[in-house]
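The primary structure of each chain is shown beneath.
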Amino acid sequence: MLPAFAGVVLGAILVSQPAAAQIGGQQAFTFLNLPPSAKLAGLGGVNVSSRDADATMMYGNPALLNADMDNRLALGYVDYLSDIKQSTAAYVFNTKSLGRLGVGLTYLNYGRFEQFDAAGTSLGEFSVNEYALGVSDAYTSGNFTLAGTLKLAVSGIAGNHSLAALVDVGGIFKHPTQDFTVGLTVRNVGYQFQPYAGADREPMPLDVQLGASFKPEHMPVRLSLTAHHLQQLDIVYLDPNQRGQLDENGVEIKPKKTLGDKIARHFVVGGELLFSKNFHLRAGYNHLQRRELRLENTSAGAGLSFGAMLRISEFQLDYTRAYYHASGAANYFTVARTLGSIFNKSSSN
């Protein structure tokens, strides 16, 4: 029962992503919307502009690939509820002719479930898992970087598989003298080549994101503001089964959509305290997650995330605890290290 309940909660997290808020259950491969690394989760789950040496940030925007990531390997692990786990790997290297390349693999395992026939007879256990392999390529000219990612995504339930190819396209502008970066990315443009047996093809979880990160010159703080799913204004879902409050006459007040709520659900805020190059603290707030995943009488911290980065010798360790629901939170772990060069590096950009 616990794995099944955890699966329902994680499904709610996936549906809480903006595009699915209006048409939940009609998109495939929504796991691609989950942040696969500690830094992304610590900044609220969505970020396209925080540029540093963290190789996993290419999952947020491939244009964040930069020289500080060269020859850097990052391994991530996410402990969701019950048996639901996610593993991630990312590696970045520079080439003379092909630009700066990043390779990433993420794997999500929902655990094992017991299968029954129509009469209630047990048919044994089955597994549910999804994974995506991506290759990113970035080119920098002056203060601008343009990049793209080609991804192959596979989803499997009890031996029944679905296959899709997707593309991310991104760009950033980095101010020449100030710590100010603007990023734009269009994520998950693709096509489901092979739907599940007996099912129709489904749309991909398209997401257009725009954001900026800024560090004041004499303050150890970097702030990020990111807008997501800009291709769709109304991402508010009102549960038809949710009961509203009663007015003075005892008549139920039905929840209504407001323009302010529609706008606010598009934004994610993240912040970093930069105590030194070896120690950072992070916090993030995702308003959509808070609105979608809170209970009727409490939010239980939904939408909030807190994390830290610590460098020890040659290793960088990142940890984030992200609160999704009253039933629990997710723990993100990432470890990274710079390896020896496997390609002759060209001039750094």
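Residues numbered from 1 in each chain as written. Predicted model: local features only at pLDDT ≥ 70, side-chain atom pairs only at ≥ 80, totals over all residues. Heavy atoms only, no water.

Draft legend 1. Examining the overall build of the protein chain more closely. In terms of helices and strands, the protein chain carries five helices and 14 strands. Burial statistics for the protein chain: of 349 residues in total, 47% are counted as buried. Counting only contacts in the protein chain whose residues sit at least 6 apart along the sequence, the fraction spanning at least 24 positions is 55%. (Helix = DSSP H or I, 4+ residues; strand = E, 2+ residues; numbered from the N terminus. Buried < 20%, exposed > 50% of the residue type's maximum accessible area, 1.4 Å probe, protein only. Contact = heavy atoms within 4.5 Å.)

Draft legend 2. A look at the packing of aromatic side chains. Applying the stated criterion across every chain yields a total of eleven aromatic pairs. Plain terms: the ring middles of Tyr319 and Phe333 are 5.2 Å apart, the flat faces sit at 45° to each other, and that makes the pair tilted. Pair noted here: Tyr319 is in strand β13 (residues 315-325) and Phe333 is in strand β14 (residues 328-338), with a separation of 14 residues, a long-range link. A residue is classified by how much of its surface remains accessible, and Tyr319, at 31% relative accessible area, is partly exposed. The positively charged end of Arg337 is found above the aromatic ring belonging to Phe315, 5.4 Å away from the centroid. (Phe/Tyr/Trp six-rings, centres within 6.5 Å; stacked < 30°, edge-to-face > 60°. Lys NZ or Arg CZ within 6 Å of the ring centre and 35° of its normal.)

Draft legend 3. Layout of the pairing of strand β3 (residues 100-116). Across ten bridges, the pairing between strand β2 (residues 85-94) and β3 is antiparallel. Opposite Lys85, over in β3, you have Asn109 as the bridge partner. Linking two consecutive strands that pair antiparallel, namely β2 and β3, is a turn of five residues; a positive phi of about 80° is found at Gly99 within it. Note: β3 against strand β4 (residues 122-141), 14 bridges, orientation antiparallel. Paired with Leu108 across the bridge in β4 is Glu130. The hairpin formed by β3 and β4 contains five residues between the paired strands, and Gly120 there has a positive phi angle of roughly 90°. (Pairing = 2+ DSSP bridges.)

Draft legend 4. Broad picture of the nonpolar core. Residues Phe29, Tyr80 and Tyr332 are the most contacted members of the largest nonpolar core, which totals 26 residues. At the level of secondary structure, the elements contributing two or more residues to this core comprise α3 (38-42), β3, β4, β6 (160-174), β13 and β14. With sequence-adjacent residues up to four places away left out, Phe29 is seen in contact with Ala153, Val154, Ser155, Ser162, Leu163, Ala164, Gln192, Met204 and Pro205. Judged by nonpolar contacts, the second largest core, of 16 residues, contains Met57, Met58, Ala63 and Leu65. (Core = buried A, V, L, I, M, F, W, Y, C linked by side-chain atoms within 4.5 Å.)

Draft legend 5. Local environment of the environment of Leu101. Mapped onto the elements of the fold, Leu101 is located in strand β3. Residues Leu101 and Gly148, 47 residues apart in the sequence, show an inter-C-alpha distance of 9.8 Å. Setting aside chain neighbours within four positions, we find Leu101 in contact with Leu65, Tyr91, Val92, Phe93, Thr95, Ser136 and Asp137.

Keep in mind that these numbers describe shape and distance, not what the molecule does.
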